[in-house]
Amino acid sequence: MAETIISVRGLKVYYYTLSGVVRAVDGVDLDIARGEWVTIVGESGSGKSTLALSMMGLVLPPGRIVGGSVLFDGVDLTKLSGEELRRLRGKRIGVIFQDPSAYLDPLRTVGSQIAEAVLEHGVASSESDAWRIAEEALEIVGVPASRARAYPHQLSGGQRQRVAIAAAIALNPDVLIADEPTTALDVVVQARIIELLKGLQRRRGLTIVMVTHDIALAGEVSDRIAVMYSGRVVEWGSAERVIGSPLHPYTRLLIDSVPDLWSRRKVRSIPGEPPDPRRPPSGCRFHPRCPLAVEECRSRQPPRVSAADGWAECFFAGEAGGGR
Amino acid sequence: MEGGLFSRLMGVVAGLVRGPGGLMTATGLAIITMFALVAIAAPWIAPYPPDVRPPGAGLLEPPSLRHPFGTNDLGYDVFSRIVWGARVVLKVVLLSSLMSMAVGVPLGLISGYYGGPLDRLLSMVMDSLYAFPGIIMAIAVASVLGPSTFNAAVALMVVYVPTYYRMTRARVLELKNEPFIEALQAMGAPGWVILVRHILPNAAPTILVVFGLASADAILTEAGLSFFGLVAVYPQPDWGLDLYYGKNYLLDGAWWLVFFPGASILLLALGFALLGEGLSERFRVRGGSYG
């Protein structure tokens, strides 16, 4: 296995809201290798975005990292000052978000926004160099360099997301965090953006951490998948294995909830509601919705059961096939 | 590629005049431009010196072809005094507005963006300034400093800084939650870059609207100051001062002594108010303290 670039250990990120403490990430361990594509899958409110963004030390108030560590290339991000983090962000860890139209300054041409970041982080020494790098980055993501002088509103949604990606890769980061990068785009554009990211991963050795609720998409593009439920990674392993033979009943139900054009299999929704993250259920957090739940699930946190390439947090994960 | 600053400026103006609220903006700009031209060209427009009795001029002459706005109790030509007086009021109001902006906007930016104890302290100071009625505070400050155009501008600045501060701060608080600002933070942009290059330009429409509306208010306050002799000293030409001396002759039927200075004050204030209102329609700035 390649060298580990991000290592998350016992990470806990809590949001201190007026209505209680939201345990968005509650004890997560993950090792992400350089150059791989890891996808974090989960329902809304499972803490997947919080986990991904905390991998670049980005925790917005009222959130706080209350425990654990995030090692990026050997440096513990939880111990860095705001200024040290700022220098790292963008330069070594880029990020793109869900709605590209909202994430660009409406008053600035897209080229100048990219050039500005390039200049700030010292990647270029002069304005003309920065502008050249911005144009190159746009070309790489498939936006003609002439569009550098366009304003965000003059571009389509897909082009805007390409611009956001160009801004992220112009600084030549090691890692790109993609927080639901295609959710706001239509399916055809979505495929092209994913293809673009895949190309960047292969050609530039870019490590990609993507967040999505779309487990089918995750299975197609990722090397490894982390399935999140109520603040915990309940299953972790190679995409092939997680999709092919899931160990955790939640993963199995997620897969079954995806419509399939070719099989006559019925789409099944997962019964019940995601738990209130302020008061997660005792024991295994999935037990109120789990078809396999037994008394033990209610009282005890299930152990981490190792598989060949990962693990699952379920009492039944050891038995072949888990939730089948 | 610049195409000249002037033509770019004209392009911006054309854009403002065409959008919603364009008629108000255009009327306001026309009025302000007219007064500005009058002030600049005062030596050529004014038929007589403002503080000398022209040969053959009677005292308290009603408007005529020779003296379109009449003459005052000393025989000075009222029209010439109005023309020269435009210089004083524009100088004081523009200077004070620019100074209020120069103080209020940066404080509002910092206060809104960084928050914390500094924000609370500044808000408290500004709110206490705001609690005073504008004219009372301006009179207090100007009386301490003594009568001069610069001192009057300083007095007005103190009155209007809280307006610029509050509106800028409120806009920054809105912008701070915009995803593109969060994205800039996520991409490691330094705070000052976000503030100066992204938040300030996006807050500029709000600041422009405040400029129009606060300046309109400042003209009225300035007139009050000059009425009390805190801007200029007679016989310097000054609208508010002329109003003060002219009122004594109102019962004698010399209406032109108060009508023309008063109308000039109102018209200029209207010009700025129309500009502010027009811009606020154009940019859909939600009404703040002047909305």
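You'll find the structure just up there.
Below you will find a few notes about this structure. These figures come from a predicted structure and were not determined experimentally.

1. Quick word on the sheet that holds strand E10 (residues 232-238) of chain A
Residue and element names in this part refer to chain A.
Part 1: One open sheet holds the eight strands; their spatial order is E6-E7-E8-E3-E9-E10-E12-E11, and the pairing between them is mixed. A single partner strand is all that each edge strand has here, and the edge strands are strand E6 (93-96) and strand E11 (304-307). Each adjacent strand pair in this sheet contributes to an overall mean axis angle of 20 degrees, direction not counted.
Part 2: Pairing of strand E3 (residues 37-41) with strand E9 (residues 224-229), which is carried by four bridges, proceeds in the parallel orientation. Bridging from a neighbouring strand, Thr39 pairs with Ile225 of E9.
Part 3: Contacts from helix H9 (residues 249-256) reach E3, E9 and E10, with the element oriented near 100 degrees to E9.

2. Re the environment of Glu273 of chain A
Part 1: With respect to the helices, strands and loops of the structure, Glu273 of chain A is situated in the loop between H9 and helix H10 (295-299).
Part 2: It is 7.9 Å that separates the C-alpha atoms of Glu273 of chain A and Arg289 of chain A, two residues lying 16 residues apart in sequence.

3. Describing the environment of Gly199 of chain A
Part 1: For Gly199 of chain A, the location among the structural elements is in helix H6 (residues 187-204).
Part 2: Sequence separation of Gly199 of chain A and Val141 of chain A is 58 residues, and the distance between their C-alpha atoms is 9.7 Å.

4. Description of the pairing of strand E7 (residues 175-179) of chain A
All names here are of chain A.
Part 1: With respect to burial, E7 is a largely interior element, four of its five residues being buried.
Part 2: Of the pairings in the sheet, the one linking E6 to E7 comprises four bridges and is parallel in character. Bridge pairing in E7 links Val95 to Ile177.
Part 3: Across five bridges, the pairing between E7 and strand E8 (residues 207-212) is parallel.

5. A closer look at the interface of chain A and chain B
Part 1: Facing the 20 residues of chain A at the interface are 13 residues of chain B.
Part 2: Of the residues that constitute the side of chain A that touches chain B, the class distribution is 10 nonpolar, two polar and eight charged.

6. Notes on the sheet that holds strand E5 (residues 75-76) of chain A
Strands belonging to one sheet form pairs held by backbone hydrogen bonds; the direction of such a pair is parallel or antiparallel.
All names here are of chain A.
Part 1: If you walk across this open sheet you meet the four strands as E2-E1-E4-E5, and the pairing is antiparallel. The open sheet has two edge strands with one neighbour each: strand E2 (20-33) and E5.
Part 2: Two elements, strand E1 (residues 4-17) and E2, share 11 bridges in a ladder whose sense is antiparallel. Looking at E2, one finds that Tyr14 is bridged to Arg23.

The rules we used
- Residues numbered from 1 in each chain as written.
- Chains lettered and ligands numbered in written order.
- Predicted model: local features only at pLDDT ≥ 70, side-chain atom pairs only at ≥ 80, totals over all residues.
- Pairing = 2+ DSSP bridges.
- Helix = DSSP H or I, 4+ residues; strand = E, 2+ residues; numbered from the N terminus.
- Axes fitted to C-alpha atoms, helices over the stretch in contact; angles between N-to-C directions.
- Contact = placed C-beta atoms within 7 Å.
- Buried ≥ 20, exposed ≤ 12 C-beta atoms within 10 Å, placed from the backbone.
- Nonpolar A, V, L, I, M, F, W, Y, C, P; charged D, E, K, R; others polar.

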